[in-house]
Amino acid sequence: VILVPGAVEQAQGSVAGGAMATATVLTLVVLLPPLIYFGARLMLMTPIAAGEETGPIGLIRRSWALTRNHVWKLIAFMILVGITVGVVSGVIQMLAGILFALLLGPPEPGSTSALLVTLVMAAVNTVMTAYLGTFVARIYVQLAAGGEERAFT
């Protein structure tokens, strides 16, 4: 925010403007690549914690070791899954919103249709979370069991 002229004033005044948008985009451009990289390298920590006996530093080391030659595949997986989840969630939310708006009126805050759309999206997020956890666990099993030749088959 400090690097973009006018962004500090907009941030202090709680006013959205062009400078604040520029600061946000600049932050995303700078921070997103390392976050994606470290996310891919550390994505196996949960299944490692569930399947192996090791401490916090051991979890990081093991995840780092398992993902060593597969970072680009994991990044591609994360991006593709993120796009897929976003599109599927958006379509389901749109369809639920249209359906409940036709049946019960517009989904305004506090309305029954807004509540039902929220419940549908909570159910979709629950299912997606279960699938994503399973995907990550399967990647862990493949990388831990077979090394290079069995990865992502």
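Look up: the structure comes first, before these words.
Anyway, here's the lowdown on the structure attached to this text. (Residues numbered from 1 in each chain as written. Predicted model: local features only at pLDDT ≥ 70, side-chain atom pairs only at ≥ 80, totals over all residues. Heavy atoms only, no water.)

This part is about the overall build of the protein. The secondary structure content of the protein amounts to six helices and zero strands. Moving toward the C terminus, one meets the helices and strands of the protein in the order α-α-α-α-α-α. Buried positions account for 25% of the 153 residues belonging to the protein. As displayed, the protein offers around 10,000 Å² of accessible surface, 72% of which is attributable to carbon and sulfur atoms. (Helix = DSSP H or I, 4+ residues; strand = E, 2+ residues; numbered from the N terminus. Buried < 20%, exposed > 50% of the residue type's maximum accessible area, 1.4 Å probe, protein only. Areas by Shrake-Rupley, 256 points an atom, 1.4 Å probe, with all protein chains shown as cover.)

A separate point is the nonpolar core. Membership of the largest hydrophobic core comes to 13 residues, with the highest contact counts inside it found for Leu 44, Ile 48 and Leu 66. Put simply, the parts of the chain that give this core at least two residues each are helix 4 (56-66), helix 5 (71-104) and helix 6 (112-146). The element that contributes the greatest number of residues to this core is helix 6, accounting for four residues. (Core = buried A, V, L, I, M, F, W, Y, C linked by side-chain atoms within 4.5 Å.)

For Tyr 140, the position within the fold is in helix 6. Separated by 73 residues in the primary sequence, Tyr 140 and Thr 67 place their C-alpha atoms 9.1 Å from one another. If sequence neighbours within four positions are ignored, Tyr 140 has contacts with Leu 44, Pro 47, Ile 48, Gly 51, Glu 52 and Leu 66. (Contact = heavy atoms within 4.5 Å.)

Quick look at the pattern of salt bridges now. Summed over the entire model, instances satisfying the criterion amount to one salt bridge. A salt bridge links Glu 52 to Arg 62; the nearest nitrogen and oxygen atoms lie 3.0 Å apart. Of the two residues, Glu 52 is situated in the loop between helix 3 (45-51) and helix 4 and Arg 62 in helix 4; the sequence distance between them amounts to ten residues. Its relative accessible area of 28% is what places Arg 62 among the partly exposed residues. (Salt bridge = Lys/Arg side-chain N within 4 Å of Asp/Glu carboxyl O.)

For helix 6, built from 35 residues, the straight-helix expectation of 51 Å at 1.5 Å per residue is met to within 8% by its first-to-last C-alpha distance of 51 Å. Among all positions of helix 6, only Ser 113, Ala 114, Val 117, Met 121, Val 124, Met 128, Val 136, Ile 139, Tyr 140, Gln 142, Leu 143 and Gly 146 are buried. Where helix 6 is buried, its residues touch helix 3, helix 4 and helix 5. (Expected span 1.5 Å × (residues − 1).)

Orientation of helix 5 relative to helix 6, taken along the N-to-C sense of each, is 160°, at an axis distance of 9 Å. Overall, the two elements helix 5 and helix 6 adopt an arrangement that is roughly antiparallel. Where helix 5 crosses over helix 6, the two elements pack in a sense that is right-handed. Touching Leu 74, Phe 77, Val 81, Val 85, Val 88, Ser 89, Ile 92, Gln 93, Ala 96, Gly 97, Phe 100 and Leu 104 of helix 5 are Thr 112, Ser 113, Leu 116, Val 117, Val 120, Met 121, Val 124, Asn 125, Met 128, Leu 132, Phe 135 and Ile 139, all from helix 6. Taken together, the residues of the contact of helix 5 with helix 6 sort by class into 18 nonpolar, six polar and no charged. (Axes fitted to C-alpha atoms, helices over the stretch in contact; angles between N-to-C directions. Parallel < 35°, antiparallel > 145°, perpendicular 65-115°, else oblique. Left-handed = near helix turned anticlockwise from the far one by under 90°. Nonpolar A, V, L, I, M, F, W, Y, C, P; charged D, E, K, R; others polar.)

Among the surface-exposed residues, Ile 79, Ile 83, Val 87, Val 91, Met 94, Leu 95, Ile 98, Leu 99, Leu 102, Leu 103 and Leu 104 lie close enough to one another that they form a single nonpolar patch of about 1,100 Å² accessible area. Take Ile 79: it is sitting in helix 5. Given a relative accessible area of 41%, Ile 79 falls into the partly exposed group. (Patch = residues over 30% accessible without salt bridge, like charges linked within 9 Å, V, L, I, M, F, W, Y side chains within 5 Å.)

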